[in-house]
Amino acid sequence: ASPNGSHTCALTTAGGAKCWGYNSNGQLGNGTTTQSTTPVDVTGVSSGYVSISAGTDNSCATARYGATKCWGGNFYGQLGNGANTDSSTPTSVTGFPSAGMVSAGGFFTCGADIYGGVKCWGTGNSGQLGNDDVADSNTPVATVGFPSSTAVAKVSAGWAHVCSVRTTGGAYCWGWDFYGQLGDGGSSQRSRPINVTGLSTGVADISAGYGHSCAVTTAGAAKCWGSNSNGQLGKGTRVNSRTPGNVSGLTTGVKSISAGGFFSCALTTAGGVKCWGQNAWGQLGNGTTTDS
């Protein structure tokens, strides 16, 4: 699932893709624009795919050997196929044959290259493509400004910002920064990656949400920063933070983390799930609709 999206996609054990939910732009990839309350097969994506992501109105998947396909909304070029026309079936991303993973955000998409770089495509109005520009691009453009000595291990596209982890454990973010979701202590959007304060090393996982971001350290601690209107930073307050802070009660034992629209969830090393933040629709999974 994705920040501010209304559909979900998943990979099968064979590497095929299934999607379900809203489908006004063809984001389910089955050749229709009819929504589905149950998973439907994505046309032509039946095996061999290793990464999938649902954006606001598009979806993308990466094959084992690096080829990437996207489908759904394409007004801003978020399908990366050189056009700006929606497609209800998968289309190939142009000029990016070596993706290792893909992450679709709010009308843009980013992929981590198997050689250690990042490329993004779609809307760039907040600098979220990371190429020192704010122009849209309907084909992948290279994110610039990373330290040349290290490679990208993971990239996560949020609503209008992106965060990534380097193989050396350093966290970098770029794009929209109204709530401090870039984590550098400032409020200015950035069109190239900047290091997250206090996270130059020791980061194992990262996730960009709507207006906040979260990370997991190699020691298993969860940290979040940015918007906190619904308690999505997990600090017991509703005060925004422009630098990372510890999530209450999760200073150890966290395996991975996901920042959503206005809430966050973590998978523990014991196999449990903990969520915090907005809960109006029961997204915290605790049997209530009360924020936490």
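Refer to the preceding data block for the structure.
Computed from a predicted structure; not experimentally measured.

**Q** What should I look at first to understand the overall build of the protein in this one?
**A** Counting its regular elements, the protein contains 0 helices and 22 strands. In terms of C-alpha radius of gyration, the protein reaches 18 Å, essentially the compact-globule figure of 19 Å for 292 residues. Considering only C-alpha atoms, the protein reaches an extent of 45 × 45 × 30 Å along its principal axes. Taking all 292 residues of the protein together, 54% fall into the buried category. Restricting the contact set of the protein to residue pairs at least 6 apart, pairs at least 24 apart contribute 45%. Surface accessibility of the protein: about 11,300 Å² in total, with carbon and sulfur atoms responsible for 50%. In the protein, 14 positive and 11 negative side-chain charges are present, and the distance between their average locations comes to 10 Å.

**Q** I'm lost on the nonpolar core in this one. Help?
**A** In summary, soluble globular proteins display a tendency toward joint burial of nonpolar side chains. If you look at the biggest cluster of nonpolar residues, it comprises 15 residues, and the most contacted ones within it are Phe108, Cys110, Val118, Phe146, Val155, Val162 and Trp174. Looking at this core, the elements that each hand over two or more residues are strand 9 (108-113), strand 10 (118-122), strand 12 (152-157) and strand 14 (171-175). Val118 has contacts with Cys110, Gly111, Val141, Ala142, Thr143, Phe146, Val152, Val155 and Trp174, leaving out every residue within four places of it along the chain.

**Q** It is not clear to me how the side chain of Asn279 should be interpreted in this structure. Could you clarify?
**A** Looking at where Asn279 falls in the secondary structure, it is placed in the segment after strand 22 (273-277). One polar contact links the side chain of Asn279 to the main-chain carbonyl oxygen of Thr288, over a distance of 2.9 Å. Within the structure, Asn279 has its side chain in polar contact with the backbone oxygen of Thr290 (distance 3.0 Å). Once residues within four sequence positions are removed from consideration, Asn279 is found in contact with Leu284, Gly285, Asn286, Thr288, Thr289, Thr290 and Asp291.

**Q** Would you mind showing me how to read unusual backbone geometry here?
**A** With glycine set apart, most residues show a phi of negative sign, and most peptide bonds adopt trans. The backbone of Phe107 shows a phi angle near 70°, a positive value even though the residue is not glycine. With phi around 65°, Asp132 is a residue other than glycine that occupies positive phi space. Looking at the secondary structure, you find Asp132 in the loop between strand 10 and strand 11 (137-142).

**Q** Teacher, can you tell me more about the pairing of strand 5 (residues 58-63) here?
**A** Working note: regular strand, side chains alternate between the two faces of the sheet. The buried count for strand 5 comes to 6 of 6 residues, which makes it a mostly enclosed element. Because side chains alternate across strand 5, one face comprises the buried residues Asn58, Cys60 and Thr62, and the other comprises Ser59, Ala61 and Ala63, equally buried. Summarising the sheet, strand 5 and strand 6 (residues 68-72) pair through 5 bridges and their orientation is antiparallel. Across the sheet, Ala61 pairs through a bridge with Lys69, a residue of strand 6.

**Q** Is there a simple way to think about the packing of aromatic side chains in this case?
**A** Any aromatic ring pair is given by two values, namely how distant the centres are and how the planes are angled relative to each other. Throughout the structure, instances matching the rule amount to 12 aromatic pairs. Residues Phe107 and Trp159 carry aromatic rings whose centres are separated by 5.5 Å and whose planes lie at 70° to one another, so their mutual orientation is edge-to-face. Placement of the pair is Phe107 in the loop between strand 8 (99-104) and strand 9 and Trp159 in the loop between strand 12 and strand 13 (161-166), with a sequence separation of 52 residues. When the ring of Trp176 is compared with that of Tyr179, the centres are 5.6 Å apart and the planes differ by 80°; the resulting orientation is edge-to-face. Residue class for Trp176 comes out buried when judged on its relative accessible area of 18%. Its relative accessible area of 22% is what places Tyr179 among the partly exposed residues. A connected cluster of aromatic rings, assembled from ring pairs, spans Phe75, Tyr76, Phe107, Trp159, Trp176, Phe178, Tyr179, Tyr210 and Phe262.

**Q** Help me out: how do you make sense of the state of the cysteines in this one?
**A** By definition, a disulfide is the covalent link that joins the sulfur atoms of two cysteine residues. A complete count under the given rule lists 6 disulfides for this structure. Note on cysteine connectivity: Cys163 is disulfide-linked to Cys173, with sulfurs 2.2 Å apart. Classification of the bridge connecting Cys163 and Cys173 rests on its S-S torsion, roughly 105°, and on that basis the disulfide is right-handed. Taken as a pair, Cys163 in strand 13 and Cys173 in strand 14 lie far apart in primary sequence, 10 residues in all. Here Cys163 and Cys173 have matching classes, each one buried. Bridging Cys214 to Cys224, the disulfide has an S-S length of 2.1 Å. Between Cys214 and Cys224 the disulfide shows an S-S torsion of about 105°. By sign, it is right-handed. With Cys214 in strand 17 (residues 212-217) and Cys224 in strand 18 (residues 222-226), this pair connects stretches of sequence that are 10 residues apart. With respect to class, Cys214 is no different from Cys224; both count as buried. The connectivity of the disulfides in the protein is 1-2, 3-4, 5-6, 7-8, 9-10, 11-12, where the numbers refer to bonded cysteines in sequence order.

How each quantity is defined
- Residues numbered from 1 in each chain as written.
- Predicted model: local features only at pLDDT ≥ 70, side-chain atom pairs only at ≥ 80, totals over all residues.
- Heavy atoms only, no water.
- Helix = DSSP H or I, 4+ residues; strand = E, 2+ residues; numbered from the N terminus.
- Rg over C-alpha atoms; globule rule 2.2 N^0.38 Å.
- Buried < 20%, exposed > 50% of the residue type's maximum accessible area, 1.4 Å probe, protein only.
- Contact = heavy atoms within 4.5 Å.
- Areas by Shrake-Rupley, 256 points an atom, 1.4 Å probe, with all protein chains shown as cover.
- Lys, Arg positive; Asp, Glu negative; His and termini not counted.
- Charge placed at Lys NZ, Arg CZ, Asp CG, Glu CD.
- Core = buried A, V, L, I, M, F, W, Y, C linked by side-chain atoms within 4.5 Å.
- Polar contact = N/O pair within 3.5 Å; in protein donor to acceptor, adjacent residues only side chain to side chain.
- Pairing = 2+ DSSP bridges.
- Phe/Tyr/Trp six-rings, centres within 6.5 Å; stacked < 30°, edge-to-face > 60°.
- Disulfide = S-S within 2.5 Å.

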